[in-house]
Amino acid sequence: MSRSRNANRLAKKIRNQTTLTLSTASRLAQQANVYLGSSIVDSSDPLQRRLEAHMAHVLASSFRDHQLNGALLGVREAEPESQGVRLTLEPDMADEVLRELLPRFDHSYGGIRGVPGLRVRGIETRLTLHDAVSSARVTVTRADGGPIRLPSARDGEVLLWKQAPDGLSRDERQEAEEWTDARGIEDLRVRDLLLSRILRCPGLVNRTAEPHGFANCYTHHAGDIVIEWCCGDTVEALCAALLAHGFADDAPRTRAIELPSRHSAHLGDRTVILNRHGSCLYGRHAEDIAESIRKGYDS
């Protein structure tokens, strides 16, 4: 199929699943490298989607702009499994991914960090992160096949995943309830669906971190993820790629995407916020910053 016919098919898909005009949908579609139809495979289990969404949310707020080799959330590849998803991690970030995900009470922070109720089992080269109160689970391996180290407690930390291996602690239960509390979140189903897709399409979201090896991601509250970058894909090109692969499929049409400007996009009623700066933020210093980030992981 020719590139122009591909772009026309994608433009019609974008128009049909959003409130964008055909001219805007066509402008986005022209920027997608290829359109082969939806390719993100979701879990049919809402509890599985909720766990994956929470993991993506925690990793986004944990790594911020300290990624290595363009792995925005520390993830290189994602492959659906019958009961979950298998994540292939950036080797140098793998230990930190595990540390940030497994729940711990941080006395200096005054609360829980990580995903409440998340527990771990398996061997060092293939670990299963599973929910203590449901069948939801995610398998993690390193891209180089090496072992992933279980984290030890730092000063002021209590490792809740070790302290209560067979159930939730009281503090975790309260934290888990806050994640499922709908206050301030228009549609929990949309949040869980789109944030779980962030975890399941690393090849797309990592494009934001590819030019420099790092980008910036953070969260405002329990309902969103923000991704910011300065070089590489435009916001519209990234949106086109996401929509081409089915990122907004099954989201309410009126909330699928909003384009406040050429440099900003809101997906799923601001569940995923994309911002691109109009010029490079780092210039010739980008390599030095990347090396400084790497040294931080080595220390």
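Rules of the game
- Residues numbered from 1 in each chain as written.
- Predicted model: local features only at pLDDT ≥ 70, side-chain atom pairs only at ≥ 80, totals over all residues.
- Heavy atoms only, no water.
- Buried < 20%, exposed > 50% of the residue type's maximum accessible area, 1.4 Å probe, protein only.
- Helix = DSSP H or I, 4+ residues; strand = E, 2+ residues; numbered from the N terminus.
- Arc of directions from axis to C-beta.
- Axes fitted to C-alpha atoms, helices over the stretch in contact; angles between N-to-C directions.
- Left-handed = near helix turned anticlockwise from the far one by under 90°.
- Contact = heavy atoms within 4.5 Å.
- Nonpolar A, V, L, I, M, F, W, Y, C, P; charged D, E, K, R; others polar.
- Salt bridge = Lys/Arg side-chain N within 4 Å of Asp/Glu carboxyl O.
- Pairing = 2+ DSSP bridges.

Draft legend 1. Summary view of helix α2 (residues 22-29). Buried residues of α2: Thr24, Ala25, Leu28 and Ala29, and no others. Along the long axis of α2, the arc covered by the buried residues comes to 135°, so they all point the same way.

Draft legend 2. The packing of helix α3 (residues 46-63) against helix α7 (residues 188-200), seen in detail. For the pair α3 and α7, interaxial distance at closest approach is 7 Å and the crossing angle is 65°. Handedness of the crossing formed by α3 with α7: left-handed. Each of Gln48, Arg49, Arg50, Glu52, Ala53, Met55, Ala56, His57 and Leu59 in α3 lies in contact with α7, whose residues at this interface are Leu188, Arg191, Asp192, Leu193, Leu195, Ser196, Ile198, Leu199 and Arg200. Residues belonging to the contact of α3 with α7 are distributed by class as follows: nine nonpolar, three polar and six charged.

Draft legend 3. Spotlight on the pattern of salt bridges. As enumerated under the stated definition, the model contains 21 salt bridges in all. Between glutamate 79 and arginine 86 there is a salt bridge, and its shortest N-O distance comes to 2.5 Å. For arginine 262, the salt bridge goes to glutamate 236, with nearest N and O atoms at 3.4 Å. In this pair, arginine 262 sits in the loop between β11 (257-261) and β12 (264-267) while glutamate 236 sits in helix α9 (residues 235-244), placing the two residues 26 residues apart along the sequence. A relative accessible area of 52% means that arginine 262 is categorised as exposed. Among the charged side chains, a salt-bridge network with shared partners connects Arg99, Glu100, Arg104 and Glu157.

Draft legend 4. The arrangement of the sheet that holds strand β4 (residues 111-113) in detail. Taking strand neighbours across the sheet as the criterion, the three strands line up as β4-β3-β8 in an open arrangement whose pairing is antiparallel. The open sheet has two free edges, formed respectively by β4 and β8 (157-159), since each of these has just one partner strand. Averaged over neighbouring strand pairs, the angle between their axes works out to 30° when direction is ignored. Where strand β3 (residues 104-106) and β4 come together, three bridges link them in antiparallel fashion. When the sheet's bridge partners are listed, arginine 104 is paired in β4 with arginine 113.

Draft legend 5. Structural detail: the sheet that holds strand β1 (residues 75-81). One open sheet holds the five strands; their spatial order is β1-β2-β7-β6-β5, and the pairing between them is mixed. Sheet topology places β1 and β5 (118-123) at the edges, where each strand pairs with a single neighbour. With direction set aside, neighbouring strand axes in the sheet form an average angle of 25°. In terms of strand pairing, β5 meets strand β6 (residues 126-131) through six bridges, oriented antiparallel.

Draft legend 6. Up close: the pairing of β6. Counting buried positions along β6 gives five out of six residues, so the element sits mostly inside the fold. Between β5 and β6, which pair antiparallel in sequence order, lie two residues. Where β6 and strand β7 (residues 137-142) come together, four bridges link them in antiparallel fashion. Looking at the pairing, histidine 130 lines up with arginine 137 of β7. If you look at the hairpin formed by β6 and β7, you'll find five residues sitting between the two strands.

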